Amino acid sequence: QFFTFLWRAGLRYGLPNPIEAVTLTLTHIAQGGIYDHLGGGFARYSVDERWLVPHFEKMLYDNALLLELMTEVWRETGDPLFALRTAETIVWLMREMVTEGGGFASSLDADSEGEEGKFYVWSLAEIEEVLGADDARSFAKIYDVTAGGNFEGHNILNRPNAIETPDAETEARLAAMRAKLFARRSGRVRPGFDDKVLADWNGLMIAALANAACAFARPDWLQAAEAAFNFVSLRMSVDGRLFHAYRAGEAKAPATGNDYANMIK
C-alpha cells in the first residue's frame, strides 16, 4: 500500500522520482526469487535486499495488493512484464486458491516435508535431468542456477541476468522450459493449504481482480471476482451482519472494520 501511495502521488503531482522508484522496485520483485517463476504468485516477503530469498509462504492479501499495483503501473507504462506477471498470478489464484463455492483461500504454507521452501528450490542436476544439457545451460544462465546454489546449497529461481524482458523467441523457449519444470515440481509433496476464507483478504482480492479484469478486458477474471463476492455476501453474512472467517460450512467471528472496509471497496 505504501508503493501504491507513492505511485499515485507521483502521478498526481507529476513527480518522476516516486514513479521511477515504484517501477524499479516492482520490476525487481517481479523478476526476483520472491516471485514463483514456475507456478505464479508472490511469496509474502524477502529476507534480503535483492528480493532473492523469500519466506516461501504465499498469502492471499500480499498477492491481492501486488496485483492491484501491477495493474495500475501497467495502465500507465504498458510494460509487458507487469501484464505477464498479472496474468500468471491470476492463473495461480484460479488454479490453487479457489475454494468450493468460489471464495478465495487464505494461504499456502512455506514448508513441505518439514522443510521451508523444499517444494520450490532446485538443484542444477535436476534441471539438467528435466531439460537436457543444452536447454539447462541456457535456463541456468537466465535464472541464476549454479552447482553450488544461491540459497543454502539449493537454487531459488530468479532472473538477475534478465531483468529486462528478452525477445519474444527467447521468452517462448523459456516458457516451454518452465512448463517442463512445473510438471516435474507438481510431483513433489505440496506445502500445506490454509483453506479458510477471510472476508477482509477476499475483499482485497475481489477488488484487485475486478480492476485487472477491466484493465485487461478479461470477463473470466470478473466472473471469478463476482463468485468470490457472492460467496462472502451469502455464506458469511447472517441477518445483514458480516462474519470474518468461513471454513467447513461454518462462518465464525463477527467482522472487524477491515472486513467491512475491504468488502465495501
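Everything that follows concerns the structure shown earlier in this document.
As a starting point, this report considers the structure included with it. (Residues numbered from 1 in each chain as written. Predicted model: local features only at pLDDT ≥ 70, side-chain atom pairs only at ≥ 80, totals over all residues. Heavy atoms only, no water.)

A tally of helices and strands in the chain yields 10 helices and 11 strands. In terms of overall size, the chain behaves like a compact globule, its C-alpha atoms giving a radius of gyration of 19 Å where 265 residues would be expected to give roughly 18 Å. Taken along its principal axes, the extent of the C-alpha atoms in the chain is 60 × 50 × 35 Å. In the chain, which comprises 265 residues, the proportion classed as buried is 48%. Residue pairs at least 24 apart in sequence account for 62% of intrachain contacts in the chain once pairs closer than 6 positions are excluded. Within the chain, the 37 negative side-chain charges are centred at a point lying 2 Å from the centre of the 26 positive side-chain charges. (Helix = DSSP H or I, 4+ residues; strand = E, 2+ residues; numbered from the N terminus. Rg over C-alpha atoms; globule rule 2.2 N^0.38 Å. Buried < 20%, exposed > 50% of the residue type's maximum accessible area, 1.4 Å probe, protein only. Contact = heavy atoms within 4.5 Å. Lys, Arg positive; Asp, Glu negative; His and termini not counted. Charge placed at Lys NZ, Arg CZ, Asp CG, Glu CD.)

What follows deals with the environment of Leu242. For Leu242, the location among the structural elements is in strand β10 (residues 241–247). Looking at Leu242, the relative accessible area reads 10%, which means it is buried. In this structure, the C-alpha to C-alpha distance between Leu242 and Lys252, residues 10 residues apart in sequence, is 9.6 Å. Excluding residues within four positions of it along the chain, Leu242 makes contact with Ala199, Val232, Met236, Ser237, Pro254, Ala255, Asp259, Tyr260 and Met263.

Bringing unusual backbone geometry into the picture now. With a phi close to 60°, Trp51 is a non-glycine residue in the positive phi region. With respect to the helices and strands, Trp51 occurs in the loop between β1 (45–46) and β2 (54–55). The class for Trp51 is partly exposed, based on a relative accessible area of 24%. Notably, Ala248 is not glycine yet its phi reads approximately 50°, a positive angle. You can see Ala248 is positioned in the loop between β10 and β11 (250–254). For Ala248, a relative accessible area of 71% translates into the label exposed.

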